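Notes for the structure review
For reference, the chains in residue letters:
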Amino acid sequence: MNIYVLMKKTFDTEEKIQISDGKIETDGAEFIINPYDEYAIEEAIKVRDEHGGEVTVVTIGDEESESQLRTALAMGADKAVLINTEDDVEEGDQVTTTKILEAYFEDKEVDLILAGNVAIDEASGQVGPRLAAKLDIPYVTTITSLEIDGDTVKIDKDVEGDVEKVETSLPLLVTCQQGLNEPRYPSLPGIMKAKKKPLEELEIDDLDLDEDDVEASTETVEVFLPPEKEAGKVLEGETDEQVKELVSLLKTEAKVL
Amino acid sequence: MSETQEKVIKGGGFLVEDIAAEDMLTPEDFTSEHKMIAKTTEEYVKGEVWPVLDNLENHEFDKSVDLLKKAGELGLLGADVPEEYGGLGLDKVSSSLITEKMSLAGGFSITHGAHVGIGSLPIVFFGNKEQKEKYLPVLATGEKLAAYALTEPGSGSDALGASTTAKLNEAGTHYVLNGEKQWITNSAFADVFVVYAKVDGDKFTAFIVEREFPGVSTGPEEKKMGIKSSSTRTLVLEDAEVPVENVLGEIGRGHIIAFNILNVGRYKLAIGGVGGAKRAIEVATKYANERKQFNTPISSFRMIQEKLANMAARTYANESSVYRTVGLFEQRMGGLSQEELNDGSEVAKSIAEYAIECSMNKYMATELLDYAADEAVQIHGGYGFMQEYEVERMYRDSRINRIFEGTNEINRMLVPGTFMKKAMKGQLPLLEKATALQEELMTMMPEPVGDETLEQERYLLKNAKKIGLLAAGIAAQKFQDKLEQEQELLANIADMAGEIYNMEAAILRTEKAINKDGEEKHKQKVLYTQVYVQEAFNSIEADAKETLVASDSGDSLRMMLGALRKLTRHDPTNVVEKKREIAKTLIEEEKYTV
């Protein structure tokens, strides 16, 4: 089976995010594999171990994305591809990413593509479905279980906490939701082996694209941190009065009613 | 000796020789593999050990066994075992990072350390081919677990005074061991014990003893102050039958193994100390930000900030110096052939060369840990005294580190003792340096110090080395071969040496980082270095003065004190201001950060 994983590097959410000049401060920030993509990598490895084949992890990023790709290789992926857009793309969005991936997959034989449900930084959840549409293959988002039998695929899909059972067929794209599996940490032998595994580096030029082809369709107007959490308010008095006060506060202060 | 080896720095050489920043290993040099290994270890501890830590504290040791097996699957037991014998044969930086991250696991870190370190390494270093083939592959996977049995009720620091005996049976097939080994880590579940006994009552020898051998048993679980997550029992040997092929190394040469393993144990404890101190800073900073008194987070109080800054500056210096030592091992081992590396005893020799550094790191870093754990409790106030809070366990767990692998007092005796031995053997030109210094002091004029970054620190370091040599030289001259009776002075000398080694490591690390990517990115490192160097220098001055006063008298003493004054003349750094700056970053980041 030819299994591909779409991976993105994101800020480590355990670190403090800082904003300066309307942008997230990247200096000294720690990067990790997008946690939902970890489910995708883990699932890809499991599918390969069961059905054979090869797992290729693809990312769009910069020189430093190599570190996350090596981690994926150390977990057990076979090959990695870095599409380095550092010099060519200044402001990309989901359209940019999809364009590049579409070009990358143009000449690939694909059985299964796995991606994270969303990336925890921008959380659009669009790249997977957009790519599937472009490649003209079926897709299922937010999956929590995957069973492959020949060309038939049985999937549990998380629907706002409920489960939808889906049956579909390969080739297929899925996006992975929490609960699908428990991603392994790379073992030490895995880490040592990862050094020797192939990591291919491409630029958009190699995919016959130029900057205009991958122009973003959206514009980021503002970036800001969520407001700091303030202390709660405890209402006092008779229940009736408390309810009245609550309703009035929701109207006047929180302005949600 | 090959050419590369000659370029390698000698053990204890830091006192008489200056090295370039580029020649010292620093944490900034770690490769992406090193970082991944560290991360895997950390995730293992947080994901596997933390959820069962309470069970471990309650002595549910079947969980310890499961955890070790899981660690084996991840390769966390095989770093120091050569590939040929089923391990990973990683470099010492990798195994050190595993040790550092494992320190987050509380008492379980001792379980892990005893297995991979003192339990397995005697066989890695000194086992013959058959012994390595038999034991190492199963130890590297965790299929079998190891322990180390040296201490006896009557012999702790005096390890060679052991009274356990070994006698060859009549058939000449087995040694029969009798005696008790005390406080044996992992004894509840270990399958393999490295045991020391005296053959025919006088030849100190190491044996590989399996739990299943007839006559081998363990006593009840000890009730300890801390590291309750690790198992500690007595190993009882009653006519225990050990096959002759299980003699480790040579008969009567067990002390070689014991001393080498102590060196390893010491630097590993130092690394664990650094890891533990980092954790203490993180927990204390988070708490200080959360806890409000007088409607203000206590992290905004300057006395709390000062504590955090002290913890972090000391951690920085010790972190720099323990990895400096690891770098020394690596440089020396770089000159070894693959065959020598597989042999193990050559690896042990590379480590033994730095016995002084191992001892210094041990007492400096374990005292850092105690200090950091203590202040972390203090920052927590009354809550720090409650068992629900991590710092309470940290405080209890920390205490043993100053005691095992040679008490810090024994290690302090070893440092000047080894320096003297090396000087007498002509391996270090200490006497020549001390004589030259005394002449230099007659005519010495104070030097102007510029205000370039780290210039003051370099100046203080240079003078600290001279002060150390002066004080130690006068003490050695005065007491000659009776110096070893003057334990207080030896401790002063050991303290000065430890501070000098740490100061230099901090300075060189900061310098190397600045050389690489500029000062702007390394402000915190500069601050740590400035604070640490100033305070270390102050304590060196006090130690030297006390030593001189105790060694000399009259005009001669007055002259020496005059020389000391010349050497200590400088414009002191405003550490209060620097510490406030340090604390600002710590409070923002909520962890030890460089």
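Residues numbered from 1 in each chain as written. Chains lettered and ligands numbered in written order. Predicted model: local features only at pLDDT ≥ 70, side-chain atom pairs only at ≥ 80, totals over all residues. Heavy atoms only, no water.

The name an unreviewed UniProt entry assigns to chain B is Acyl-CoA dehydrogenase family protein, from the organism Allobacillus halotolerans.

Per an unreviewed UniProt entry, chain A is named Electron transfer flavoprotein subunit beta, and its organism is Allobacillus halotolerans. Chain A has a UniProt comment under Function (unreviewed entry) that states "The electron transfer flavoprotein serves as a specific electron acceptor for other dehydrogenases. It transfers the electrons to the main respiratory chain via ETF-ubiquinone oxidoreductase (ETF dehydrogenase)." (UniProt positions renumbered as here; feature names shortened; annotations may be inferred.)

Another aspect to go through is the interface of chain B and chain A. Listed by partner, the interface residues are 20 residues for chain B and 16 residues for chain A. Together, the buried faces of chain B and chain A total about 1600 Å²; carbon and sulfur atoms form 63% of this surface. When residues of chain B are sorted by the area they lose upon contact with chain A, B:Glu33, B:Met36 and B:Leu74 head the list and together hold 34% of the total. Our enumeration of links across chain B and chain A arrives at zero salt bridges. On the surface where chain B and chain A come into contact, there are four residue pairs in polar contact (both at pLDDT 80 or more). Contributions of two or more residues to the side of chain B that touches chain A are made by helix 2 (32-49) and helix 4 (61-74) of chain B. Here the element with the most residues in the side of chain B that touches chain A is helix 2 of chain B; it accounts for nine residues. Along the lines of polarity and charge, the residues of the side of chain B that touches chain A split into eight nonpolar, three polar and nine charged. (Contact = heavy atoms within 4.5 Å. Buried area = accessible area lost by both parts, 1.4 Å probe. Salt bridge = Lys/Arg side-chain N within 4 Å of Asp/Glu carboxyl O. Polar contact = N/O pair within 3.5 Å; in protein donor to acceptor, adjacent residues only side chain to side chain. Helix = DSSP H or I, 4+ residues; strand = E, 2+ residues; numbered from the N terminus. Nonpolar A, V, L, I, M, F, W, Y, C, P; charged D, E, K, R; others polar.)

Here we come to helix 10 (residues 302-333) of chain B. Its 32 residues give helix 10 of chain B an end-to-end C-alpha distance of 46 Å, which sits within 8% of 46 Å, the value for a rise of 1.5 Å per residue. In terms of residue burial, helix 10 of chain B counts as a mostly covered element, since 26 of its 32 residues are buried. (Expected span 1.5 Å × (residues − 1). Buried < 20%, exposed > 50% of the residue type's maximum accessible area, 1.4 Å probe, protein only.)

This paragraph deals with empty space enclosed by the protein. Residues and elements named next belong to chain B. Applying the stated criterion across every chain yields a total of three cavities of 30 Å³ or more. By volume, the largest cavity is sized at about 70 Å³. What lines the largest cavity is simply Leu76, Leu77, Ala79, Asp80, Val81, Ser95, Ile98, Thr99, His112, Val116 and Lys268. Those elements giving two or more residues to the lining of the largest cavity turn out to be helix 5 (92-102) and helix 6 (108-119). (1 Å grid on protein atoms, 1.4 Å probe; cavity = no way out; pocket = protein on both sides within 12 Å on 5 of 7 lines; lining within 4 Å. Points joined across faces, edges and corners; volume = space filled by probe spheres on them.)

The UniProt record marks residues 21-211 of chain A with the feature "domain: Electron transfer flavoprotein alpha/beta-subunit N-terminal" (unreviewed entry), using the residue numbering of this structure. Secondary structure across residues 21-211 of chain A divides into 29% helix and 31% strand, with the first and last C-alpha atoms of the span separated by 25 Å.

Looking now at the UniProt feature "domain: Acyl-CoA dehydrogenase/oxidase N-terminal" (unreviewed entry) in chain B. Per the UniProt record, "domain: Acyl-CoA dehydrogenase/oxidase N-terminal" (unreviewed entry) is found at residues 31-143 of chain B. Helix makes up 70% of residues 31-143 of chain B and strand 0%, whereas the separation of the span's terminal C-alpha atoms amounts to 30 Å.

Turning next to the sheet that holds strand 6 (residues 54-61) of chain A. Residues and elements named next belong to chain A. The strand order across the open sheet built from nine strands is 11-10-9-12-8-1-6-7-13, with neighbouring strands paired in mixed fashion. The outermost strands of the open sheet, each flanked by one partner alone, are strand 11 (162-169) and strand 13 (199-202). On average, adjacent strands in this sheet sit at an angle of 30° to one another, irrespective of strand direction. As defined by bridge partners, strand 8 (residues 112-116) adjoins strand 12 (residues 172-176) across five bridges and the pair is classed as parallel. Paired with isoleucine 113 across the two strands is leucine 173, which belongs to strand 12. Lying on the sheet, helix 2 (residues 66-75) is in contact with strand 1 (2-7), strand 6, strand 7 (79-84) and strand 13; it crosses strand 7 at an angle near 165°. (Pairing = 2+ DSSP bridges. Axes fitted to C-alpha atoms, helices over the stretch in contact; angles between N-to-C directions.)

To continue, consider the pattern of salt bridges. All names here are of chain B. The full count for this structure, using the stated rule, is 50 salt bridges over all chains. Its salt-bridge partner being glutamate 42, residue lysine 46 comes within 2.9 Å of it at the nearest N-O pair. Placement of both lysine 46 and glutamate 42 in helix 2 is noted, with a separation of four residues, approximately one turn of the helix. Residue class for lysine 46 comes out partly exposed when judged on its relative accessible area of 32%. Aspartate 555 is the partner of arginine 558 in a salt bridge, and the nearest nitrogen-oxygen pair spans 2.7 Å. On the criterion of helical spacing, the pair formed by arginine 558 and aspartate 555 is a turn pair, its members being three residues apart in helix 20 (residues 554-568). The exposure classification of arginine 558 matches that of aspartate 555, with both residues exposed.

As a further point, take the pairing of strand 12 of chain A. All names here are of chain A. Within strand 12, five of the five residues are buried, which leaves it mostly tucked inside the rest of the structure. Pairing analysis gives three bridges linking strand 9 (residues 139-149) to strand 12, with the strands arranged parallel. By the bridge assignment for strand 12, isoleucine 143 is matched with cysteine 176.

This part is about the packing of helix 5 of chain B against helix 9 (residues 254-290) of chain B. How two helices sit against one another is set out by the angle between their axes and by the gap between those axes. Residue and element names in this part refer to chain B. At a closest axis distance of 8 Å, the pairing of helix 5 and helix 9 adopts a crossing angle of 50°. In terms of orientation, helix 5 and helix 9 fall into the oblique class. Between helix 5 and helix 9 lies a crossing of right-handed hand. Note on element contacts: helix 9 touches helix 5 through Tyr267, Lys268, Ile271, Gly272, Gly275 and Lys278, opposite Lys92, Ser95, Ser96, Thr99 and Glu100. Across the contact of helix 5 with helix 9, the residue classes tally to two nonpolar, five polar and four charged. (Parallel < 35°, antiparallel > 145°, perpendicular 65-115°, else oblique. Left-handed = near helix turned anticlockwise from the far one by under 90°.)

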